[in-house]
Structure formats: C-alpha cells, structure tokens
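# Architecture at a glance
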Amino acid sequence: MKLSLYLKFILAYIVFGIAGFVAIATISSHLTYSYLVDSRSQTLYDEANLIASTYSTVYEGQNISLAESYPQLKAVATFLNAKIWVMDRNGKIIVDAENKRVSDIISDFDPTATGNKSYMVGNYFNSFDEDYLSVSAPITGNFRTYGYVVIHLPMVNVTKSQYHILNIVYVTSLIVFLLSLIILIVFQRIVYSPLKKITDGAKAYAEGDLKYEIKVHSNDEMGYLAATLNYMSDKLDDTENYQKKFISNVSHDFRSPLTSIKGYLEAILDGTIPPEMQEKYLTRVIDETNRLTKLTESILSLDSIESVKLNKTSFDINKMIRDTAGSFEVQCNSKNITIELIFSNVSQYVIGDYTKIQQVLYNLIDNAIKFSSQNSSIIVQTSLKKEKIFISVKDTGIGIAKNEQSKVFDRFYKSDLSRGKDKKGTGLGLAIVKEILQTHGENIDVISTVGVGTEFIFSLPAGKEN
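Residues numbered from 1 in each chain as written. Predicted model: local features only at pLDDT ≥ 70, side-chain atom pairs only at ≥ 80, totals over all residues. Heavy atoms only, no water.

As annotated in an unreviewed UniProt entry, the protein chain carries the name histidine kinase and comes from Lachnoanaerobaculum gingivalis.

In this section: the nonpolar core. Ranked by internal contacts, the top residues of the largest apolar core, which has 33 residues, are Ile-317, Leu-364, Ile-391, Ile-444, Phe-456 and Phe-458. For this core, the elements supplying multiple residues, two or more each, are helix H6 (317–326), helix H8 (354–370), strand S9 (377–385), strand S10 (388–394), helix H9 (429–439), strand S11 (444–449) and strand S12 (453–461). Phe-458 has contacts with Val-360, Leu-361, Leu-364, Ile-389, Phe-390, Ile-391, Leu-437, Asn-443 and Ile-444, leaving out every residue within four places of it along the chain. Membership of the second largest hydrophobic core comes to 26 residues, among which are Ala-52, Val-95, Val-149 and Met-155. (Core = buried A, V, L, I, M, F, W, Y, C linked by side-chain atoms within 4.5 Å. Buried < 20%, exposed > 50% of the residue type's maximum accessible area, 1.4 Å probe, protein only. Helix = DSSP H or I, 4+ residues; strand = E, 2+ residues; numbered from the N terminus. Contact = heavy atoms within 4.5 Å.)

Attention now moves to the packing of H6 against H8. Between H6 and H8, the least distance of the axes is 10 Å, while the angle of their chain directions is 50°. On the basis of their axis angle, the class for H6 and H8 is oblique. In the packing of H6 onto H8, the handedness of the crossing is right-handed. Contact residues: H6 offers Ile-317, Met-320, Ile-321, Thr-324 and Ala-325, while H8 offers Tyr-354, Ile-357, Gln-358, Leu-361, Tyr-362 and Ile-365. In terms of residue class, the contact of H6 with H8 is made up of nine nonpolar, two polar and no charged. (Axes fitted to C-alpha atoms, helices over the stretch in contact; angles between N-to-C directions. Parallel < 35°, antiparallel > 145°, perpendicular 65-115°, else oblique. Left-handed = near helix turned anticlockwise from the far one by under 90°. Nonpolar A, V, L, I, M, F, W, Y, C, P; charged D, E, K, R; others polar.)

Once that is clear, we can look at empty space enclosed by the protein. The gaps of empty space that remain are located by a probe, the size of a water molecule, rolled over the atoms. The final tally for this structure, using the stated rule, is four cavities of 30 Å³ or more. Lining the largest cavity, in full, are Phe-109, Asp-110, Pro-111, Thr-114, Met-120, Tyr-124, Phe-125, Ser-134, Val-135, Ser-136, Tyr-148 and Val-150. Ranked by residue count, the leading element in the lining of the largest cavity is strand S4 (residues 132–141), at three residues. Split by residue class, the lining of the largest cavity holds eight nonpolar, three polar and one charged. (1 Å grid on protein atoms, 1.4 Å probe; cavity = no way out; pocket = protein on both sides within 12 Å on 5 of 7 lines; lining within 4 Å. Points joined across faces, edges and corners; volume = space filled by probe spheres on them.)

The subject of this paragraph is the packing of aromatic side chains. Taken as a whole and assessed by the stated rule, the structure comprises 10 aromatic pairs. Considering the side-chain rings of Phe-109 and Phe-125, the 6.0 Å spacing of their centres and the 70° angle between planes classify their relative orientation as edge-to-face. Note that Phe-109 is positioned in the loop between strand S2 (93–96) and strand S3 (119–122) and Phe-125 in the loop between S3 and S4, a separation of 16 residues in sequence. With respect to class, Phe-109 is no different from Phe-125; both count as buried. Its relative accessible area of 17% is what places Phe-125 among the buried residues. Cation over ring: Lys-385 sits above Phe-390, and NZ or CZ is 5.8 Å from the ring centre. (Phe/Tyr/Trp six-rings, centres within 6.5 Å; stacked < 30°, edge-to-face > 60°. Lys NZ or Arg CZ within 6 Å of the ring centre and 35° of its normal.)

Position of Lys-197 among the secondary structure elements: in helix H3 (residues 155–206). Taking the relative accessible area as the measure of exposure, Lys-197 reaches 35% and is therefore partly exposed. Spatially, the C-alpha atoms of Lys-197 and Ile-214 are 6.2 Å apart, while their sequence positions differ by 17 residues.

Here the focus is the pattern of salt bridges. Scanning the entire structure with this criterion turns up four salt bridges. One salt bridge in this structure joins Lys-319 and Asp-323, with 3.1 Å as the shortest N-O distance. Of the two residues, Lys-319 and Asp-323 both sit in helix H6, four residues apart, roughly one turn of that helix. On the basis of relative accessibility, which here comes to 41%, the residue Asp-323 falls in the partly exposed class. Notably, a salt bridge pairs Lys-388 with Glu-442, separated by 2.5 Å at the nearest N-O pair. With Lys-388 in strand S10 and Glu-442 in the loop between H9 and S11, the pair connects residues that are 54 residues apart, well separated along the chain. What makes Lys-388 partly exposed here is its relative accessible area of 27%. (Salt bridge = Lys/Arg side-chain N within 4 Å of Asp/Glu carboxyl O.)

Of all the bends in H3, the greatest, near 45°, is centred on Gln-188. With its phi angle positive at about 100°, Gly-208 sits one or two positions after the end of H3. (Bend = angle between axes of the 7 residues up to and from the residue.)

It is worth spelling out a nonpolar patch on the surface at this point. A grouping of Val-171, Ile-175, Leu-179, Ile-182, Val-186 and Ile-190 is seen on the molecular surface, where their side chains present a nonpolar patch of about 510 Å² in accessible area. Relative to the helices and strands, Val-171 resides in helix H3. (Patch = residues over 30% accessible without salt bridge, like charges linked within 9 Å, V, L, I, M, F, W, Y side chains within 5 Å. Areas by Shrake-Rupley, 256 points an atom, 1.4 Å probe, with all protein chains shown as cover.)

In this section: the pairing of strand S5 (residues 144–154). Counting buried residues along S5, nine of its 11 residues qualify, which places the element largely inside the surrounding structure. The sheet contact formed by strand S1 (residues 83–88) and S5 spans six bridges and is antiparallel. Among the inter-strand pairings, Lys-83 is bridged to a residue of S5, identified as His-152. Two elements, S4 and S5, share 10 bridges in a ladder whose sense is antiparallel. Residue Gly-141 lies in a different strand from S5, and its bridge partner there is Arg-144. Counting the residues between successive antiparallel strands, the hairpin from S4 to S5 contains two residues, one of them, Asn-142, with a positive phi of roughly 55°. (Pairing = 2+ DSSP bridges.)

At Asn-81, a position not held by glycine, the phi torsion is positive, near 55°. Position of Asn-81 relative to the elements: it lies in the loop between helix H2 (70–80) and S1. Of note in this structure, Lys-386 is not a glycine but carries a positive phi near 50°.

A one-sided burial pattern is seen for S11, the buried positions being Ile-444, Val-446 and Ser-448 and the unburied ones Asp-445, Ile-447 and Thr-449. Pairing of S11 with S12, which is carried by six bridges, proceeds in the antiparallel orientation. When the sheet's bridge partners are listed, Thr-449 is paired in S12 with Gly-453. Count of turn residues in the S11/S12 antiparallel hairpin: three residues, of which Gly-451 carries a positive phi of about 85°.

Encoded structure:
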C-alpha cells in the first residue's frame, strides 16, 4: 500500500521523536549525574573542611576532647544523611558518627586515590557493599597532616535526585512532543489537506476536467485560493464551451452557403438546371460567395481588433453620423425607412479611432434597418453628459426578448425572433461593436421591448475641435 506524503511525514516525525527522546534521556542522564555528583561532592567537601578545622585544634595544642565533638558530628551526619569518619593518616577510624566502626583500620587506604578530584565514587576501599560518594578533607596542625575527615553519601540518594530531575525532563519532553504532534495535526487540517485538494484540483484542470470542484470552504487564504481556482475553472469551462459553440457556428455558417454553391454548380453541370435558368442560379452562387467573403472578413476583423493599436483623434461625431446614415439611402428607400438625426449641438467632437467608430455606427444602423419593419423610422441621437458624449441608435423593429438581451453581443448569436429576417447576417456585427468599444475603454448598453423596438447606447470621451 502506497503511503501518502503526510503519513510518511508522520511516521518520520514519530521515529524522530523516539530517537530524540532516547538521545535527550541519555544526554540528560549523563549531565544530571555529573552535575549532582559535582554539586553534592562540593557541599560535602565544604562540610568536611569545617569539621577538619575543628579537629585541627587538637593538633595545634588546644585542649579539646574528641568525645566532646561526637554529638556535633552525629548531628551533621544526620543532617547530610551521610556517614562521617575521622581517620588518622594510616587509615584507622578514630571517630565514627554512627559509633560503629571505631578503631577499625581501612586496608589499602590511599589518600591520593582521588587524584585531582576531591571525591571518589565506589565502595571506598572495600568498606561498603554498595557505592558511596566519598569526600575527604585533611586534618592539619603545625604544618603537618594528622588525619582525614571522610564523609560518605550513599549513591542511592544521588540517583534518587537524578531520577526526580529526569522525570521532570521526560515529562517536559513528552509534553513538547505531544504539543508539536497536535500542531502537526492542526497543520494537516489547516494547510496540508486543503493544499492537497488544491493540488488535486489543479492536476484535474491540467488534464482537462474543468468540472472538478475543489472542496475547500475555509475563510482563510487556502479557502480564497480554492474559490479562485473554482471560479477560474468555471470560466475556463465557459470559454471551452464557447469555443466549441463558436466552431460549431462557424462550421454551420460556412456549411450552408458551401452546400448551396455545390448544389447549384452540380445542377448546372449535370443539366438539371437548363441553360436559360443558369444565369439566375449563378447569381445565387455569387450571392453565397459574397456571404462567405463577408463572414470571413468579419471573423478576421473581430480577431484583429485587440491586436491593432488605436489611432485616436478628435473628430466631429455628428458629421460622421450624417455621412454614415447617408450611405444607407438605398436600403432605407427599399423599405421606406426614415433616419432621424437629433443632435444637442451642430458639432460635437469626441476622442476615438475614426475608422473603428465609423464601423460601430455602420453596424448599429445596418442592424437597425435590418430588423425594422416597412414604413418605420430610426432615430440616431447624441447628447453631452459630464464630459461624455452618448450616442443612441433606436429602431421600431421586432425587439429583443429580455432573456436574450445579454447574449446579443456574443459571437454568432442570433435571437429566435431575428432568424426569419436576418438571413444574410453573420451574427458578428454586434460582437465587433462591443470589441471596438471595449478597446476604447467604453461600454454599450441595450434597451429593448419585443414588438416595440430596440435602442443601443454607447459613450465616447468628449473632444475639442482641432
């Protein structure tokens, strides 16, 4: 079974914790033992020196009885929980605080056995059955050494203190280990687990599964990142669906005229269409070819809008509207449509790319004529509001359903109501309009009522006459 990275980390942490605990226990035990031995030996050595100074008066000619000092010696031994001996230089015990070993002689006694230390650990020349911490201080007088005061502290007392200190160290280490383990678990829940889900989500997106949802709902940076990625995947999915729809629409719009062209030409070649009718159908072939040309040019125009640098100048938008409206005289006469121009001023200057804005006006007026009924009117109006010029193109045509108004600027979109009238349209005119205005940093809005008409309104920055 393959372990996850987190489980491997947990196992490594536990192994490290156990190894660390063993290392701490070993080092702490050694350091604590050395500290206690040094500390206790120093304390005992100070006491031994005090006692030795008392016994030194005997050898300095002062009158003091060894028996008189026994109660004091016993009191000190009881206080220190130790054994105290007074020995002569040959190893004979002169005074024993417990009064048990007086006149005993310690065989192999060697006062230099401690070396450069003031203590020794062991059975003190085979005097005991267990280990003792033994400290000796010389009894001197008249510049001579007459004996030694030796204090024996059972090592059991030292090890008891050591165990008490080590227990504190062990408990503290265990608490630190458990707290760090809790922190690790919290880290897993707050950081690792969400990050793992985000990583899995990113991998799913890379593999093309844009429906994958990263289920991280915390109110922190991880939750924000997951929400951002989910939003991104939704947008990418929408883009992918849009691209599929785009390709489908392009294919459909190319397929229809190509099928017609192929059918007409085959019919002419095989004689289905008689010679006297061929001119009529060749004209239809030319119409379909023109439709393909217009569609191709629209697609290329739409894709090149963002990449072409705008050439912004200040120009009279009213004059542009009059010129553009005049170019539709033939179409208007064929449907008996009038174009009314309403301007707030005779001249109204705006800042923009002249050619691109002219294309916007052309597409909007062409769209209005296309969906206007016979004997109707179209109103093109300009007005100034807070250093912005608002241009409105309003028709009295078939209108756009409310649920379709947000889609009219999508590429290749045709509303259900327009399909019967827009037989030669490419579905790209309004998309081109929106792209041009967005490159200018402006927007376009639509207001429409089915059966009443539609109004498109966009804005441009006000300019000055050159």
